[in-house]
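# Notes for the structure review
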Amino acid sequence: MSTLIGIMCIVALLAICISHYWIMIRWRNPKFNNKNKKILPPGSMGWPFIGETLHLIIPSYSLDLHPFIKTRILRYGTIFRTSLVGRPVVISADPEFNNYILLQEGKLVELYYLDTFSNIFKQTGDDQFRPNAAGLVHKYVRSIFLSHFGAEILKTKLLNQIEEFVERTLFSWSNQASVEVKRAASEMVLNFSAKQIFSYDAEKAPFDLSEKYMKIIDGLMSFPLNVPGTAYHKCSKDKEKVTNMIRDMLKHRQNSPRKGHEGDFLDQIISDMDKEEFLTEDFIVQLVFGVLFATFESVSVIVALAFQLLSEHPSALQELTAEHEAILEKRENTNSFLTWDEYKSMTFTLQVINETLRLGNVAPGLLRRALKDIPVKGKGFTIPADWTIMVVTSALHMSPNAFEDPLAFNPWRWKDLEQHVITKNFTPFGGGMRQCAGAEYSRVFLSTFFHVLLTKYRWTKIKGGEIARSPILGFGKGIHIKFTNKHKIMVH
Ligand code: HEM
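Conventions adopted
Residues numbered from 1 in each chain as written. Predicted model: local features only at pLDDT ≥ 70, side-chain atom pairs only at ≥ 80, totals over all residues. Heavy atoms only, no water. Core = buried A, V, L, I, M, F, W, Y, C linked by side-chain atoms within 4.5 Å. Buried < 20%, exposed > 50% of the residue type's maximum accessible area, 1.4 Å probe, protein only. Contact = heavy atoms within 4.5 Å. Near = heavy atom within 4 Å. Polar contact = N/O pair within 3.5 Å; in protein donor to acceptor, adjacent residues only side chain to side chain. Helix = DSSP H or I, 4+ residues; strand = E, 2+ residues; numbered from the N terminus. Nonpolar A, V, L, I, M, F, W, Y, C, P; charged D, E, K, R; others polar. Domains from an automatic or database assignment. UniProt positions renumbered as here; feature names shortened; annotations may be inferred. Pairing = 2+ DSSP bridges. Axes fitted to C-alpha atoms, helices over the stretch in contact; angles between N-to-C directions. Donors = N, O, S within 2.8 Å, 3.2 Å for Na, K, Ca; no water.

### Remarks on the nonpolar core
Membership of the largest hydrophobic core comes to 107 residues, with the highest contact counts inside it found for Trp173, Phe198, Leu209, Phe449 and Phe483. Once you skip the residues sitting within four places of it in the chain, Leu209 turns out to touch Leu190, Ala194, Phe198, Tyr200, Val242, Met245 and Leu292. Counting residues in hydrophobic clusters, the runner-up holds 18 residues, among them Val90, Phe97, Ile101 and Ala370.

Here it is, written out as structure tokens:
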């Protein structure tokens, strides 16, 4: 009997070893299913299921390209394969190929989020809304978004509103011993954007929206394992609370007469519900959630990094301050609102913003899904259909071929850079059809923030500012700033 059990154990062990070996071989050497001799890009698939995910999320403590990408570019070249959170991925840091892929939306590729992202963004009902909603739906969403955040409304309405909002925010910051600016700036931009979207008022809201978004972001880079106790599970619960709040508000507006929110983003969508079939309740809830998400972690990272970089580069801070003081000096009434022409005259401010965007790499990689096999010109290999493609714009931002001494904060470099170098290598807001619809809004917000800050406040860094990239930029202990009002008044 014991001999039989022994034999069975050995057979079981052998079976496990063989299947493990077979899985490893198959996993690490994926092949095309056809006989056309197509070759995959070089690279490694790591371990079954987890692939090389852990290497990617190990934090690095510099503004440089994440070591995961950097070491693999050195080993395999600018286009290589890997596996992340259960998906086969091709990573590209090749300028020509990146630009080509971004222009192939809807033809060779479609927008894609890794499973953690897609599950968090997925519609709960009829699954009609996907982030890659094609054609007409995307066109509608982009156009309604731009009518509430685009250049025209920024010029005619939002510029002044942003200035007032920033003034109030900075005034409240100046009444505190110190402020952790990354967190506080996220709240500022989210609250202002939510005001445009559904007339959100932080003081009357049932819960702190920015706190919920903060927790959702924490869970996003986690493994998509929906088991109580995991970061992903908590993230899903917080997302549910936010979407329930949006859903309640939507129902309330549909059932009761309009008041106090006429003309906001949500109001316009509700009035379009009769015309556009895809505007279901679930679609609208996910859209509002997604737009708020886009506002939360982007501008605030640039605000926080700018504080850190300017505190390390007094000459840049001096030139930036001088530019804003000169705007006041040229005015008849120092207390009047910023004008669009004044905003457009902020040359050095734009250089500081560009340089901070370049070093900050808010979106280190853009994700697409291959709709069919995509041959990579001049390289001899092919990306299989259904694989994820990560377009690593950050690799170009940190390339010495385009930006001399790329790790240096040098806002003056933008004076001399040729337009074709910028177009090809500087894409902080992405490119093609999916290019960031909030790009101008972000620039206006940042420029106005600098204007109010530098003309009305003095600031000193108290502590923090240490970089932690995983691969999204963060600051280990935040950045703590003390603000002092130069005039002790809030002007507007
Ligand atoms: C520093 C600030 C920001 C950066 C660096 C940034 C970056 C990006 C990037 C790279 C994309 C393209 C994603 C892709 O192709 O996969 C994108 C798309 C988008 N962003 Fe931003 N973003 C910023 C701020 C904002 C803000 C504040 C908003 C909203 C108010 C916003 C709204 C959007 C929207 C709606 C899209 C999707 C556009 C489309 O699919 O047509 N962004 N952003």
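### Structural notes on the site of the ligand
Around the ligand sit 25 residues in total, of which His138, Arg142, Arg368, Arg434 and Cys436 are the nearest. The side chain of Arg142 places a nitrogen or oxygen atom 2.6 Å from an oxygen atom of the ligand. Separating an oxygen atom of the ligand from a side-chain N or O atom of Arg434 is a distance of 3.2 Å. Broken down by secondary-structure element, the contributors of at least two residues to the shell around the ligand are α6 (135-149), α12 (281-296), α13 (299-312), β5 (366-370) and α20 (439-456). Take the shell around the ligand: its biggest share by element is 3 residues, from α6. Each residue belonging to the shell around the ligand can be placed in one class, and the counts come to 15 nonpolar, 7 polar and 3 charged. Three or more residues apiece are contributed to the shell around the ligand by two domains, here domain 1 (36-122 + 362-397) and domain 2 (130-361 + 428-485).

### So, the UniProt feature "transmembrane region" (unreviewed entry) in the protein
Feature annotation in UniProt assigns "transmembrane region" (unreviewed entry) to the following positions: residues 7-25 and 283-310. The distance from the first to the last C-alpha atom of residues 283-310 is 42 Å, and the span holds 93% helix and 0% strand.

### Section: the pairing of strand β1 (residues 79-84)
The buried fraction of β1 amounts to 6 of the 6 residues, a majority that puts the element mostly inside the structure. Covered by surrounding structure in β1 are Ile79, Arg81 and Ser83 together with Phe80, Thr82 and Leu84, the residues of both alternating faces. Two elements, β1 and strand β2 (residues 87-92), share 6 bridges in a ladder whose sense is antiparallel. Paired with Ile79 across the bridge in β2 is Ser92. In this antiparallel pair of consecutive strands, β1 and β2, the connection spans 2 residues, and Val85 shows a positive phi of 30°.

### Re the environment of Asn226
By secondary structure assignment, the location of Asn226 is in the loop between α9 (209-220) and α10 (231-255). Accessibility expressed as a relative area gives 47% for Asn226, which makes it partly exposed. Distance in space between the C-alpha atoms of Asn226 and Ser236 is 8.0 Å, their sequence separation being 10 residues. If we skip the residues at most four places from it in the chain, Asn226 touches Tyr232, His233 and Ser236.

### Overview of the sheet that holds β1
Ordered by their spatial adjacency, 5 strands build an open sheet running β1-β2-β8-β5-β3, and the pairing between neighbours is mixed. In the strand order of this sheet, the two ends are held by β1 and β3 (109-111), each with one partner. Pairs of neighbouring strands in the sheet enclose a mean axial angle of 35°, with direction left out of account. In the sheet, β5 pairs with strand β8 (residues 388-391) via 4 bridges, with the strands oriented antiparallel. Opposite Arg368, over in β8, you have Ile389 as the bridge partner. Sheet strands touched by helix α3 (residues 67-76): β1 and β2. Its angle to β1, the strand with the most contacts, is close to 135°. Seen against the sheet, helix α4 (residues 95-102) touches β1, β2, β3, β5 and β8 and runs at an angle of roughly 120° to β8.

### Here we look at unusual backbone geometry
Of note, the phi angle at Asn361 is positive, near 40°, even though the residue is not glycine. Inspection of the secondary structure assignment puts Asn361 in the loop between α16 (347-360) and β5. If you check the backbone angles, Asp405 has positive phi at about 45° while not being a glycine. With respect to the element layout, Asp405 can be found in the loop between α17 (393-397) and α18 (413-416). A residue is classified by how much of its surface remains accessible, and Asp405, at 51% relative accessible area, is exposed.

### Concerning the coordination of the iron atom of the ligand
No protein donor other than Cys436 (SG) coordinates the iron atom of the ligand, and that contact is at 2.3 Å. The topology assignment puts Cys436 in the loop between α19 (419-425) and α20.

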